[in-house]
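Understanding the architecture of this molecule
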Amino acid sequence: MRCMLFACLLLIALPSLALDRLQVEGYLLPNGLQVLLKPGTDRAHVAIRLVVGVGLSDFSCAQQELPHVLEHLLFSGLDDSGEGGLEERMQSLGGEWNAFTSETDTTFVIEAPARNQRKVLDLLFQAVTHTELTEARLEAARKIVEREDGGHYSHLQRWLDHQDLGKDASNQLAVEMGLRCADRASAAGITLEQIKQVRQQWYAPNNMTLIVVGELDKLLPAYLQRTYGELAAILPSDHPAPPVTRRAAERERTLMQGWVGDAAKLHWYFVQPTAEDLPPGVWDLLQAYLDWAMYKKLRLEEGLSYSPGSQAEAFGDTGLISLNADLDRSDIKKAQAALKNLTQQLHSHGLDRAMFERLKAAAVARLAWAVQGDSGLADYYWGALSDYEEGRFADPARALKEVTLAQANEAVQQLFADPGYVRIEKPLIGYDDLALSITVVAILGALLILSACIVLVRYRQRSASR
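Since the structure is predicted, the reported quantities are computational estimates derived from the model, not experimental observations. (Residues numbered from 1 in each chain as written. Predicted model: local features only at pLDDT ≥ 70, side-chain atom pairs only at ≥ 80, totals over all residues. Heavy atoms only, no water.)

1. Here's the deal with the overall build of the chain
Helix and strand counts for the chain come out as 17 helices and 13 strands. Computed over C-alpha atoms, the radius of gyration of the chain comes to 29 Å, more than 25% over the 23 Å expected from 2.2 N^0.38 for 466 residues, which places it beyond the range of a compact globule. Along the three orthogonal principal directions, the C-alpha set of the chain runs to about 115 × 65 × 40 Å. Out of the 466 residues belonging to the chain, those deemed buried represent 44%. (Helix = DSSP H or I, 4+ residues; strand = E, 2+ residues; numbered from the N terminus. Rg over C-alpha atoms; globule rule 2.2 N^0.38 Å. Buried < 20%, exposed > 50% of the residue type's maximum accessible area, 1.4 Å probe, protein only.)

Here it is as structure tokens:
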């Protein structure tokens, strides 16, 4: 009852709440389901996100496709009309939906007219809780997942993966360092019992967050209490440790990407330090600084790369920050030298104060327009759930403003203290080398034919003289 009273008071205050995007009134249903409701600015529209706390990293390497297959199964239909009938029901409500399975969660994404929000939520509720899991539907879901992953994973493809042929630099390094599974997970061996266990173990209200942003129905809280609030809670499962073990990796490798071409890519990876004394925002600002410093160095000054920049990636509990540049294969050594000079300069002398302050101000200003509309706001809340506390999301602008130059310099010192890992992607042979090889082969072939003709003529002359 207290929950219902709170929700009603929330809806009365919606107009004032809409002005502050970081203030999002949320509450827990008695069964543990976390609900976040936010009035939006788009008229007659709602964006819905149902986040389930189970992802690929919660399973062993061989079984990582389990939550992905279940995600597809939940769209397989509620009756004999199957997937098509379910989609037609969503179409009749004017909505669109999809789902995504990541390393950490499975999220159902819906865009719908505000007038049908309860009907759309009801259809989602039925799909998640009442979809019948059968062998025939499981087989269809297996095939869909297999096609999404690039088709049947043959023994030849597995062998090529083990030779690092076809993998991009990030995945190759992650596998070599033990941050990612060496073999691609397959849906082929997944059983119906395993799927049912995943739904029973993880698809519980106290492992879910429901986000609704837009023109909210005043009856929405009562509806959620009556439907989603009736789901039975379970004893939460512990998220297992990552299914891989950290290993040493080669400092520099060249990876073959294609057979012929003059383009190449240079990647220089550094393990992000786990420095508890540094604020998280320092890494965002450091990336912005590196982006501009690389642009100035590699494009404006050296003319080596069109779009150099940095990138941050997470593999389990390990983060990698990379410096990347698209190049001509003949410029690889020059670009390596330029980046080495840049990192050494930053490590030795630190960041330029004026440049740092300018980029920090730009980053803060960008946050004012970076998230647009109900859908963008719902996605932002989805990605920042860990920063939600006592009715507010952490203020990213404040976090950036509080980063000092001294903290950024400390981050640079720690990041570049290790030499990092260089990965170069390029085709097996360049066009100039190919043309030279063809020319040499043609000349050798011509000489061979000429030699054969000379030998044949002399042989005939000797035969005629006899």
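Continuing now.
2. Focus: the packing of helix α11 (residues 281-301) against helix α12 (residues 332-349)
The contact between α11 and α12 brings their axes to 11 Å, and the two run at 135°. By the angle between their directions, the pair α11 and α12 is classed as oblique. Handedness of the crossing formed by α11 with α12: right-handed. Contact residues: Y289, L290, A293, M294, K297 and L298 in α11; A335, A338, L339, N341, L342 and L346 in α12. (Axes fitted to C-alpha atoms, helices over the stretch in contact; angles between N-to-C directions. Parallel < 35°, antiparallel > 145°, perpendicular 65-115°, else oblique. Left-handed = near helix turned anticlockwise from the far one by under 90°. Contact = heavy atoms within 4.5 Å.)

3. Re the pattern of salt bridges
Summed over all chains, the structure comprises 11 salt bridges. The shortest N-O distance in the salt bridge between D379 and R49 comes to 2.8 Å. With D379 in helix α14 (residues 373-383) and R49 in strand β3 (residues 45-52), this pair connects stretches of sequence that are 330 residues apart. D379 gets classed as partly exposed once you look at its relative accessible area, which sits at 35%. The exposure class assigned to R49 is buried, which follows from its relative accessible area of 1%. A salt bridge links E176 to R253, with the shortest nitrogen-to-oxygen separation between them at 3.4 Å. In this pair, E176 is assigned in helix α8 (residues 169-176) and R253 in strand β7 (residues 252-256), connecting sequence segments 77 residues apart. On the accessibility criterion, E176 (14% relative accessible area) is buried. (Salt bridge = Lys/Arg side-chain N within 4 Å of Asp/Glu carboxyl O.)

4. Topic: a nonpolar patch on the surface
Together, L436, V440, I443, L444, L447, L450 and I454 make up an exposed nonpolar region whose accessible area comes to about 640 Å². Structurally, the position occupied by L444 is in helix α17 (residues 431-465). In this structure L444 comes out as exposed when scored by relative accessible area, which is 52%. (Patch = residues over 30% accessible without salt bridge, like charges linked within 9 Å, V, L, I, M, F, W, Y side chains within 5 Å. Areas by Shrake-Rupley, 256 points an atom, 1.4 Å probe, with all protein chains shown as cover.)

5. A word on the UniProt feature "coiled-coil region" (unreviewed entry) in the chain
If you check UniProt for "coiled-coil region" (unreviewed entry), the listed places come out as residues 325-352 in our numbering. Secondary structure over residues 325-352 splits into 64% helix and 14% strand, and the C-alpha atoms at its two ends are 22 Å apart. (UniProt positions renumbered as here; feature names shortened; annotations may be inferred.)

6. Quick word on the packing of helix α3 (residues 66-73) against helix α6 (residues 135-148)
Their axes nearest at 9 Å, the elements α3 and α6 cross at an angle of 120°. Like other packed secondary-structure pairs, α3 and α6 cross with a definite hand, here right-handed. Along the contact surface, α3 presents H68, V69, H72 and L73, while α6 presents R137, L138, A141, I144, V145 and E148. Looking at side-chain class alone, the contact of α3 with α6 contains six nonpolar, two polar and two charged residues. (Nonpolar A, V, L, I, M, F, W, Y, C, P; charged D, E, K, R; others polar.)

7. Brief notes about the packing of aromatic side chains
The final tally for this structure, using the stated rule, is 11 aromatic pairs. With centroids separated by 5.0 Å and ring planes inclined at 85°, the aromatic side chains of F75 and W97 adopt a geometry described as edge-to-face. Separated by 22 residues along the polypeptide, F75 in the loop between α3 and α4 (82-92) and W97 in strand β4 (residues 96-101) bring together distant segments of the chain. Across the pair, exposure class does not vary: F75 and W97 are buried alike. Ring geometry for W268 and F270: centres 5.1 Å apart, planes at 35°, overall tilted. Accessibility classification places W268 together with F270 in one group, the buried group. Among the aromatic residues, ring-to-ring pairing joins Y380, Y381, Y388 and F393 into one connected group. Directly above the aromatic system of Y380 lies the positively charged group of R21, at a separation of 5.6 Å from the ring centroid. (Phe/Tyr/Trp six-rings, centres within 6.5 Å; stacked < 30°, edge-to-face > 60°. Lys NZ or Arg CZ within 6 Å of the ring centre and 35° of its normal.)

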